[in-house]
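Descriptive structure summary
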Amino acid sequence: MRTPPPRLLLAASAAAAGLAVLALVPLSASGLVDPLQATQLALSAVTLAIAAALIANVRRTDGKALRIDARTKRQEAALAQTGSDLRRIATTLDDLAGRLDDAGRDRVRHVLAALGEDRMELTAQSGRLAGLDEAVTRLNDATRETTTGLADLRRAHDRLATATGVQDLADRLTDLAGTVRDTRSAVTGTARQTYTQLEALVDLRALLQPRAPLPPLRGWAASPDVLRLLVGRIATARPKTILECGSGASTIWLAYAAQRFGGGHVIALEHDERFAQSTRDLILAHNLQDVAEVRHAPLTTWTDRGGETFPWYDVRAVQDLPEVGLVFVDGPPGATGPEARYPAVPLLLPHCASDAWIVLDDADRPAEREIAERWLAEYPELAATSHKAEKGAIILRRTHG
Ligand SMILES: C[S@@+](CC[C@H](N)C(=O)[O-])C[C@H]1O[C@@H](n2cnc3c(N)ncnc32)[C@H](O)[C@@H]1O
């Protein structure tokens, strides 16, 4: 059971004593209790209250003393713990000090060793410096000699420049370098062009398989790339009549194409009797006489509507032409007169089919470009397409009319 707190005990005792005294006063006054006994009883109650107060006071002091004692014990324990911690820290510090001592000794040993090595290195360096010093002296001597040599050389160069024209030589070398550059670019272009033409020739040979030897292409003759364009047109449009201005190797290739695709007929105009004959010989050699013919048509003067005159194939050679599906303008040669090929369109367009192609070779030449421009200006129904070929080619077609 819990003991009541001392203050409560004291208050209860005082209250009980007070009540006892208060009860005894009326009892004694009424004569129910003897005043002496009442006085004794009151004194006893007060004595009891005082005793209770004393006991309560003792108990309070006792409680305080116990609490102080407990606190003292806790502080003692804490102190003991702190003492133990301090001892442990002291031991750790001792240990650390010992280790620091060891580390310090090691460091000193290392520093001493390093100092020793440095001293040896310094000795070696000073030896090398001595060697370097000698080398610098030798270098200085050599530099002096070289300077003298260069001065001699410069004097010799000046003498040479005046004596043999070194400047002249340098200029010629610069020119030569330019020529080499141009030559290299030309060689590269030629190699590329050769490959393109070879490729076209291989194509033509594979497709048409000529039965006898053929004269070379390019140069005076048409190039393989423009022949491939013409053969391609024959293969797709299958024209019944193919007209060529200027005979030669091209006549044979066109005849093979006409024979292979659709059975068209090739008519080649040739102003020079010798070349007319040699082309006829070729036609026979390739057994193409049923497919191709050469019409010898010497150059005569043709006058246009404006009165301008041109030497061109004798027009009688083209008067009986059936509807022409493909015209190859590769003659007369430019040497026969300015705008030698101009009459081709005014004279041949009336004989052409509505879907005919007129192919002008050598279109990279300024004269041929001018002819094409004149055709386009005078015949608005024509449209032109440039074809990338070794000598340039222009394809003209009717767009209307
Ligand atoms: C540009 S050539 C074209 C010949 C033909 N279209 C060809 O591709 O083989 C035009 C004219 O040159 C002439 N010709 C042909 N072969 C020749 C040659 N080897 N040397 C000089 N002129 C030639 C002919 O009169 C021919 O009509």
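Quick look at the structure, then. Here the structure is a predicted model, which is why all the values come from computation and not from measurement.

A tally of regular secondary structure across the chain gives 8 helices and 9 strands. Considering the chain as a whole, with its 401 residues, one finds that 31% of them fall into the buried category. Counting only contacts in the chain whose residues sit at least 6 apart along the sequence, the fraction spanning at least 24 positions is 70%. Of the roughly 25,400 Å² that the chain leaves accessible, carbon and sulfur atoms contribute 61%.

Within the fold, R144 resides in helix α2 (residues 35–164). A polar atom in the side chain of R144 sits 2.6 Å from the side chain of D141.

One finds L208 and V359 to be the most contacted residues of the largest nonpolar core, which totals 38 residues. A per-element tally of this core places helix α5 (residues 249–260) first, with 8 residues. Beyond its immediate stretch of four places on either side in the chain, V359 contacts V226, L229, L230, L326, V327, F328, V329, I394 and I395. Core analysis: the second largest hydrophobic core is formed by 34 residues, A297, A363, A372 and W375 among them.

Let us now look at the side chain of E368. The topology assignment puts E368 in helix α8 (residues 366–378). When its relative accessible area of 4% is taken as the criterion, E368 is described as buried. One polar contact links E368 to R365, side chain to side chain, over a distance of 3.0 Å. Beyond its immediate chain neighbours, meaning those up to four positions away, E368 contacts R341, L360, D361, D362 and A363.

Calculation criteria
Here the residue index of a chain counts from 1 through its sequence in written order. Only residues with pLDDT of at least 70 are given local features in this predicted model, and only at 80 or more are side-chain atom pairs given and counted; all residues enter the totals for whole chains, interfaces and linings. Side-chain descriptors were evaluated using all non-hydrogen atoms of the structure, hydrogens and water having been removed beforehand. Starting at the N terminus, helices and strands are each numbered in turn, a helix being any DSSP run of H or I of at least four residues and a strand any DSSP run of E of at least two. Three exposure classes are used, based on accessible area relative to the maximum for each residue type with a 1.4 Å probe and protein chains only: buried under 20%, partly exposed in between, and exposed over 50%. Contact between two residues is taken to exist if any of their heavy atoms lie within 4.5 Å; hydrogens are not considered. The Shrake-Rupley method, run with a 1.4 Å probe sphere, supplies the accessible areas, and residue values consider only the shown protein chains as cover. Pairs of N or O atoms within 3.5 Å make up the polar contacts considered here, provided that, within protein, one atom can donate a hydrogen while the other can accept it, and that residues adjacent in sequence are counted only when both atoms are side-chain atoms. Residues belong to a common nonpolar core when they are buried Ala, Val, Leu, Ile, Met, Phe, Trp, Tyr or Cys residues joined through side-chain atoms within 4.5 Å.

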